[in-house]
Amino acid sequence: MIKSAILQMYFGERGNCEQIPQSMKYRNLLDDFLDSERLLYNAIASSPETVTLYDKAKEALEQVNIESAQNHFSEGFRFGLLMGLDVAQTDNG
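Residues numbered from 1 in each chain as written. Predicted model: local features only at pLDDT ≥ 70, side-chain atom pairs only at ≥ 80, totals over all residues. Heavy atoms only, no water.

A few words on the packing of aromatic side chains. Per the counting criterion, the structure on display carries three aromatic pairs. Arranged with centres 6.4 Å apart and planes meeting at 20°, the rings of Phe 73 and Phe 77 form a pair that is stacked. Taken together, the positions of Phe 73 and Phe 77, both in helix α3 (residues 48-89) and four residues apart, correspond to about one turn of that helix. Of the residues examined, Phe 73 reaches a relative accessible area of 57% and is grouped as exposed. Judged by relative accessible area, which is 51%, Phe 77 ranks as exposed. (Phe/Tyr/Trp six-rings, centres within 6.5 Å; stacked < 30°, edge-to-face > 60°. Helix = DSSP H or I, 4+ residues; strand = E, 2+ residues; numbered from the N terminus. Buried < 20%, exposed > 50% of the residue type's maximum accessible area, 1.4 Å probe, protein only.)

Attention now goes to the environment of Ile 44. With respect to the element layout, Ile 44 can be found in helix α2 (residues 24-44). Note: C-alpha distance between Ile 44 and Tyr 54 (10 residues apart in sequence) is 9.2 Å. Setting aside residues no more than four positions away along its own chain, Ile 44 makes contact with Thr 50, Val 51 and Tyr 54. (Contact = heavy atoms within 4.5 Å.)

Next up on the list: the confidence of the model for the chain. Averaged over all residues, the pLDDT of the chain equals 90, while 97% of them reach at least 70. Of all secondary-structure elements in the chain, the lowest mean pLDDT belongs to helix α1 (residues 5-10), at 82, while α2 reaches the highest, 97. (pLDDT = per-residue confidence, 0-100.)

Right, let's talk about the environment of Glu 13 for a bit. Mapped onto the elements of the fold, Glu 13 is located in the loop between α1 and α2. On the basis of relative accessibility, which here comes to 38%, the residue Glu 13 falls in the partly exposed class. Ignoring any residue separated from it by four or fewer positions in sequence, one finds Glu 13 in contact with Lys 3, Gln 8 and Gln 19.

Turning our attention to a nonpolar patch on the surface. The grouping of Tyr 26, Leu 30, Phe 33 and Leu 34 at the surface amounts to a nonpolar patch, some 350 Å² of accessible area in total. For Tyr 26, the location among the structural elements is in helix α2. (Patch = residues over 30% accessible without salt bridge, like charges linked within 9 Å, V, L, I, M, F, W, Y side chains within 5 Å. Areas by Shrake-Rupley, 256 points an atom, 1.4 Å probe, with all protein chains shown as cover. Salt bridge = Lys/Arg side-chain N within 4 Å of Asp/Glu carboxyl O.)

The next thing to look at is the environment of Ala 60. Examined against the element boundaries, Ala 60 turns out to sit in helix α3. Each C-alpha atom, one on Ala 60 and one on Gly 76, is 24 Å from the other, the two residues being 16 residues apart in sequence.

Set out below in structure tokens:
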């Protein structure tokens, strides 16, 4: 039996961040970033001030990405509901 989207969300099978599969492109980009970050950290390790500055910049960028993802998710959900309302209100006669 196929569960409805509501039941899939209720049972934690879909609809939460941990369940969304990441693409191979995403994983490759993340690997590239982590490799570059490791090299950067090695290059700046002798300067604690630079390490602190980088850590602050990275944290700020992470917060920007979180805010962007949440805004895009919310807008996508709202727009999806509006499209559903358009479909439901369409006069086929």
